[in-house]
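Commentary on secondary and tertiary structure
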Amino acid sequence: MVVLWSDRDVTVRFTMPRTVRADGPGHGSIQRAIDEADDGDVVVVPTGTYEPVFPGISSENVYDSAIPTLPKATIRIRKGITLSGENPDDLDGAAATVLRNVWIDVRTSDAEATIEGLTLLEGHMMVYYCSPVIRNCIFDTCYNLGATGPDGDTFLPNPPGNDGYYGESVYGGAIEIV
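Nothing here was measured: the structure is a model prediction, and the numbers come from that model.

Points about the overall build of the protein
When you go through the protein residue by residue, the secondary structure sums to 3 helices and 15 strands. Taking all 178 residues of the protein together, the buried fraction comes to 37%. Of all intrachain contacts in the protein linking residues separated by at least 6 positions in sequence, the fraction that spans at least 24 positions is 56%. When the accessible surface of the protein is split by element, carbon and sulfur atoms take 53% of a total near 11200 Å².

Given below as structure tokens:
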């Protein structure tokens with residue numbers, strides 16, 4: 001509520017959310033479109049399969065033969081944007097907008113993110129200390145990777161030689177929430 005005691009000029013400014021297309025000029029990737037977007041903007045991923053080429057971890061150093069490949073890129077969401085397929089209200093549209101071999105890392109603090117109308121295939125989503133809205137998404141053949149921890153003797157001298165168990169990779173680990 002605003003109370004004015006006499007005639008005054010009042011200027012009100014507001015911005016409408018922008019739509020930033022991942023295939024738009026100057027973007028070339030979902031991450032670049034996210035980086036350009038501001039809180040409240042919508043980043044639209046075009047229908048099709050997005051499988052980025054990334055010179056990171058390759059399938060040559062996978063120890064668990066149950067999981068054929070490791071993800072090759074991570075999409076980082078650090079602001080309150082909406083990451084959306086072109087038809088987020090239609091599950092057929094979500095099924096036709098595929099992020100393959102991608103990990104999505106969501107860590108927002110001031111505003112929550114929304115992820116909608118996408119299929120995550122052979123990937124993983126990590127949600128850290130926030131509560132994004134995940135709507136009309138399909139998770140298919142997703143997994144979480146296990147790892148070997150540090151030598152147990154370093155932290156627990158008794159009993160000696162206690163290295164603990166090796167971590168194991170598992171299917172069904174679509175979303176990791178911390």
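Some details on the sheet that holds strand β7 (residues 102–106)
If you trace the 4 strands from one edge of the open sheet to the other, you get β4-β7-β10-β15, paired in parallel fashion. At either end of the open sheet lies a strand with only one pairing partner, and these are β4 (73–77) and β15 (175–177). For this sheet the average axis-to-axis angle between neighbouring strands, irrespective of direction, equals 15 degrees. Where β4 lies against β7, 5 bridges are found, and the strand directions are parallel. Residue pairing in the sheet places A73 in a bridge with V102 of β7.

A closer look at the pairing of β7
Along β7, 5 of the 5 residues are buried, which leaves the element largely enclosed by surrounding structure. Side chains of β7 alternate between two faces, with V102, I104 and V106 and W103 and D105 buried alike. Alignment of β7 against strand β10 (residues 124–127), held across 4 bridges, turns out to be parallel. Bridging from a neighbouring strand, D105 pairs with M126 of β10.

Side note on empty space enclosed by the protein
Within this structure, the stated rule accounts for 1 cavity of 30 Å³ or more. As a volume, the largest cavity reaches approximately 50 Å³. If you go around the largest cavity, the residues you meet are L99, I104, I115, L118, T119, L120, M125, C137, I138 and F139. If you list the elements that add at least two residues to the lining of the largest cavity, you get β9 (119–121) and β12 (138–140).

Re the confidence of the model for the protein
With 74% of its residues at a pLDDT of at least 70, the protein reaches an overall mean of 80. Taken together, the stretch residues 55–69 has pLDDT below 50 and engages in 20 contacts with residues farther than four places along the chain or on a different chain.

Concerning the sheet that holds strand β3 (residues 48–50)
Read across the sheet, 4 strands follow the order β3-β6-β9-β12 without closing on themselves; strand pairing throughout is parallel. Either end of the sheet is taken by a strand with one partner, and the two such strands are β3 and β12. For this sheet the average axis-to-axis angle between neighbouring strands, irrespective of direction, equals 20 degrees. Bridge analysis of β9 against β12 gives 3 bridges, and the strand direction is parallel. Across the sheet, T119 pairs through a bridge with I138, a residue of β12.

Here is what the cut-offs are and how they apply
Residues numbered from 1 in each chain as written. Predicted model: local features only at pLDDT ≥ 70, side-chain atom pairs only at ≥ 80, totals over all residues. Heavy atoms only, no water. Helix = DSSP H or I, 4+ residues; strand = E, 2+ residues; numbered from the N terminus. Buried < 20%, exposed > 50% of the residue type's maximum accessible area, 1.4 Å probe, protein only. Contact = heavy atoms within 4.5 Å. Areas by Shrake-Rupley, 256 points an atom, 1.4 Å probe, with all protein chains shown as cover. Pairing = 2+ DSSP bridges. Axes fitted to C-alpha atoms, helices over the stretch in contact; angles between N-to-C directions. 1 Å grid on protein atoms, 1.4 Å probe; cavity = no way out; pocket = protein on both sides within 12 Å on 5 of 7 lines; lining within 4 Å. Points joined across faces, edges and corners; volume = space filled by probe spheres on them. pLDDT = per-residue confidence, 0-100.

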